[in-house]
Amino acid sequence: MKKLFKILVPFDFSDTANNALNYVKNFVADDLNTEIILVYVNEIDDEQAEKKLEAIREEFQAHSRNIVRAIVKKGLLQASLIEVTKAEKIDLIFMGTSLVNNKKLNTNTSSFVLVVDCPIIVIPKDYENFKIKKIALVIGEDLIHDSKLLGVLLQVARRFKAKVHVLTVKQEEADYGYTIVDEKNENTIMYYLEDFYSHHLFVDGPDIPTSIFKYAEEKDIDLISILPRNHAKGKVSSEGALTKALSEVSKTPLLVID
């Protein structure tokens with residue numbers, strides 16, 4: 001029997017959360033192999049929240065053929081979400097985020113992406129036109145040791161028949177030509193992403209996030225995906241500076257692979 005693909009949606013009844021849920025509805029469509037779990041977390045008991053979340057679940061269920069469940073947990077937000085992610089064996093998290101002072105995004109989301117051991121798609125509050133036809137995959141200069149990490153990206157590309165543009169971030173100005181690691185990474189991605197792979201280019205300069213966003217705007221990218229540090233073996237994981245920066249100010253949905 002085929003395993004259910006489980007999606008977790010943290011929900012706090014805000015416009016941001018509602019926008020993320022609408023994104024999920026479009027993403028899932030009528031995929032009967034997908035289960036959606038709505039989770040509300042509060043540090044105190046909240047009986048009204050249980051009723052409100054159940055009403056949201058029922059409304060979703062009424063227009064969906066998917067399994068939809070609702071969970072209310074008492075506790076700290078990040079710890080509780082991580083607990084549910086592990087207990088439910090979640091495959092993908094969708095989390096809304098909103099601008100703060102029109103500059104940076106909600107720190108709950110930008111910090112959560114750094115600690116959760118699960119792929120997560122961050123949906124900006126004002127992103128409304130759902131479309132996934134072009135994906136930009138951002139990788140570093142390290143060798144990709146585990147191609148299985150690209151599994152969720154492959155599923156997304158396959159689901160929407162999307163093309164994947166690969167952007168390698170260079171810490172120094174990019175030299176002409178590929179390094180041996182660049183070639184190995186490209187071969188890995190080409191093999192794993194099959195016909196959904198489009199092309200490979202380099203991003204450098206003093207402001208990497210701005211360069212990535214400029215590319216996304218110019219090429220009409222629908223989803224930016226990042227593979228932090230390429231999960232290199234034997235190295236201390238980075239503090240996620242680029243991941244945090246992208247999740248704080250991106251106007252395009254962001255898939256963080258972890």
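Here the structure is a predicted model, which means the values were calculated and not measured.

Quick look at the confidence of the model for the chain now. The predicted model of the chain averages 87 in pLDDT, with 89% of residues at 70 or higher. Contacts for the low-pLDDT stretch residues 230-239, under 50 throughout, to residues beyond four places or in other chains number 21 contacts.

To continue, consider the nonpolar core. Core analysis: the biggest nonpolar cluster contains 47 residues, and Phe27, Phe94 and Leu137 have the highest contact counts within it. In terms of residue count, the dominant contributor to this core is helix 1 (residues 15-28) (seven residues). Setting aside its immediate chain neighbours within four residues, Leu137 contacts Leu150, Leu153, Val164, His165, Val166, Leu167, Ile189, Ser225, Leu227 and Ile257. Ranked by size, the runner-up nonpolar core spans 31 residues in total, among them Val84, Val116, Ile221 and Val256.

Direction vectors running N to C along helix 1 and helix 5 (residues 151-160) enclose 70°, while the axes themselves pass 11 Å from each other. Considered as vectors, helix 1 and helix 5 are oriented roughly perpendicular to each other. Between helix 1 and helix 5, the contacting residues are Asn26, Phe27 and Val28 on the first element and Val156, Arg159 and Phe160 on the second.

Spatially, 3-2-1-4-7-12-11-8-9-10 is the arrangement adopted by the 10 strands of the open sheet, whose pairing is mixed. A strand with exactly one partner marks an edge of an open sheet, and here the two such strands are strand 3 (67-74) and strand 10 (197-203). If you compare each strand with its neighbour and ignore which way they point, the axes differ by 20° on average. Pairing of strand 1 (residues 5-10) with strand 4 (residues 92-97), which is carried by two bridges, proceeds in the parallel orientation. Note on strand 4: the bridge partner recorded for Leu8 is Ile93.

Procedures and definitions
- Residues numbered from 1 in each chain as written.
- Predicted model: local features only at pLDDT ≥ 70, side-chain atom pairs only at ≥ 80, totals over all residues.
- Heavy atoms only, no water.
- pLDDT = per-residue confidence, 0-100.
- Contact = heavy atoms within 4.5 Å.
- Core = buried A, V, L, I, M, F, W, Y, C linked by side-chain atoms within 4.5 Å.
- Buried < 20%, exposed > 50% of the residue type's maximum accessible area, 1.4 Å probe, protein only.
- Helix = DSSP H or I, 4+ residues; strand = E, 2+ residues; numbered from the N terminus.
- Axes fitted to C-alpha atoms, helices over the stretch in contact; angles between N-to-C directions.
- Parallel < 35°, antiparallel > 145°, perpendicular 65-115°, else oblique.
- Pairing = 2+ DSSP bridges.

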